Amino acid sequence: MRSLVAAMRGNKSKSWGLIKQVVHWSPFVQVYKKKYPWVQLAGHNGAFKPCDNGTILKKLTPKEFTCLTDILNDEHMLDITPKFHGKVEKDGEEYVKLQDLLAEFDNPSVCDIKMGTRTYLEEELAKAREKLVMRKDMYEKMVKVDDKEPTEEEHQLRAVSKPRYMQWREKLSSTATLGFRIDGIKQADRDPDKNFKTVRSEQEVAYVLRKHIDYKEETRLKLLERLKEIRGTLEKSHFFKRHEVIGSSLLLVHDQPTEGVAKANVWMIDFGKTTPLLESETVNHRNSWVEGNREDGFLFGLDNLVNLFENLDTIPPPDGLQDGQQSMS
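Caption draft 1: View of the side chain of T175. Its place among the elements puts T175 in helix α8 (residues 175–178). Residue class for T175 comes out buried when judged on its relative accessible area of 0%. A distance of 3.2 Å separates polar atoms of two side chains, one belonging to T175 and the other to S173. Looking at T175, its side chain comes within polar contact range of the side chain of R181, at 3.5 Å.

Caption draft 2: The arrangement of helix α7 (residues 162–172) in detail. Among the residues of α7, P163, Y165, M166, W168, E170 and L172 are the ones counted as buried. Tucked inside the fold, the buried residues of α7 contact α4 (122–130), α5 (136–145), β9 (160–161), α8 and β10 (180–186). Its side-chain oxygen placed 3.3 Å from the backbone nitrogen of R164, S161 serves as the N-cap of α7.

Caption draft 3: Local environment of the nonpolar core. Of all hydrophobic cores here, the largest spans 49 residues; its most connected members are L234, L250, M268 and L302. For this core, the element with the most residues is helix α12 (residues 298–310), which contributes seven residues. Not counting residues up to four positions away in its chain, the partners in contact with L250 are C111, D112, I113, M115, L227, I230, V266, W267, M268, F298, L302 and L305. In this structure, L101, F105, V110 and W267 belong to the second largest nonpolar core, which totals eight residues.

Caption draft 4: Region of the structure containing the pattern of salt bridges. Taken as a whole and assessed by the stated rule, the structure comprises 27 salt bridges. When the shortest N-O distance is used, the salt bridge between D91 and K49 registers 3.7 Å. One end of the pair, D91, is in the loop between β5 (84–90) and β6 (93–99); the other, K49, is in strand β3 (residues 48–50), with 42 residues separating them in the sequence. Between E94 and K87 there is a salt bridge, and its shortest N-O distance comes to 3.7 Å. With relative accessibility at 46%, the residue K87 sits in the partly exposed group. Bridged by salt links that share partners, the residues R169, E170, R181, D183 and K194 form one connected network.

Caption draft 5: Quick peek at the packing of aromatic side chains. Throughout the structure, instances matching the rule amount to five aromatic pairs. Ring plane angle 80° and centroid distance 5.9 Å describe the contact between Y120 and W289, whose orientation is recorded as edge-to-face. Linking Y120 in the loop between β7 (109–115) and α4 with W289 in the loop between β14 (275–276) and α12, this pair joins segments that are 169 residues apart in sequence. Residue classification places Y120 among the buried residues on the basis of a relative accessible area of 4%. Ring geometry for F239 against F271: centres 6.3 Å apart, planes inclined by 85°, an arrangement best described as edge-to-face. On the criterion of sequence distance, the pair formed by F239 in helix α11 (residues 238–241) and F271 in the loop between β13 (263–269) and β14 is long-range, its members being 32 residues apart. A residue is classified by how much of its surface remains accessible, and F271, at 2% relative accessible area, is buried.

Parameters at a glance
Residues numbered from 1 in each chain as written. Predicted model: local features only at pLDDT ≥ 70, side-chain atom pairs only at ≥ 80, totals over all residues. Heavy atoms only, no water. Helix = DSSP H or I, 4+ residues; strand = E, 2+ residues; numbered from the N terminus. Buried < 20%, exposed > 50% of the residue type's maximum accessible area, 1.4 Å probe, protein only. Polar contact = N/O pair within 3.5 Å; in protein donor to acceptor, adjacent residues only side chain to side chain. Contact = heavy atoms within 4.5 Å. Core = buried A, V, L, I, M, F, W, Y, C linked by side-chain atoms within 4.5 Å. Salt bridge = Lys/Arg side-chain N within 4 Å of Asp/Glu carboxyl O. Phe/Tyr/Trp six-rings, centres within 6.5 Å; stacked < 30°, edge-to-face > 60°.

These results come straight from atomic positions and should not be treated as a statement about function.
Quick look at the structure:
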């Protein structure tokens, strides 16, 4: 809680070097109709390049390329994901060419919400256990957030194992409890913010999202409608039914022009960890994860996100914090 209070009072890092990619598929934020250059958010050097005609290049990974190709054969997924224009080679590297989802906005504000009750693959956990290595870097990340979390032995070693760190990280945020977490926010007129690692409760999440949409009821309703549309689409999608969806995000984008109505949209992005199920395996994306069942909790999280947006105006702020205004307008 203290971490959230500090964050909301402006205790943010100003260093680009500490800010990882806020919007994973699109680290470029172009403010159209103004003389501002493309701005690349730090992290994942060389993973993205600007392109032309409302497109952007993302470094090709085999798993994501396969998913994007398969999505072309699923009419439902086409409606909720960035348009895929194939692969291209540039400067000796292979990239996938994707629709720039920010192109239709004048001065967009963006929120990246990581979906699911876990963000690591079962195979990642198994591999980490096979070669159990005590990691000093992960220990340092852990104590930076909570110096009481490591055990006495971990403190003595000044290291933790990767499986231990991975599972602790999910419980730290709202991932394990709500099935989603706020991964990063870029307000139109501010630096990117990734300081949401301990935003865990429904009250904390609602508080952050109300501020993000500037308490605009019109924006809330448009995002809610699109979230419901995405949920209905996923429930009909063969692609979604036959995949374990890990590390994917919902990208919430809105814009409040000086004149006219607000723009708002949501897309499903990031398929670098999305893995096909075996013929003998089934998931419903809502059941609790038990190692071996491959449930990812995506729809569980989306149900909770829809419910949160439906009640955004009535969920009280966390103790010690006050909303900027009394109600949505």
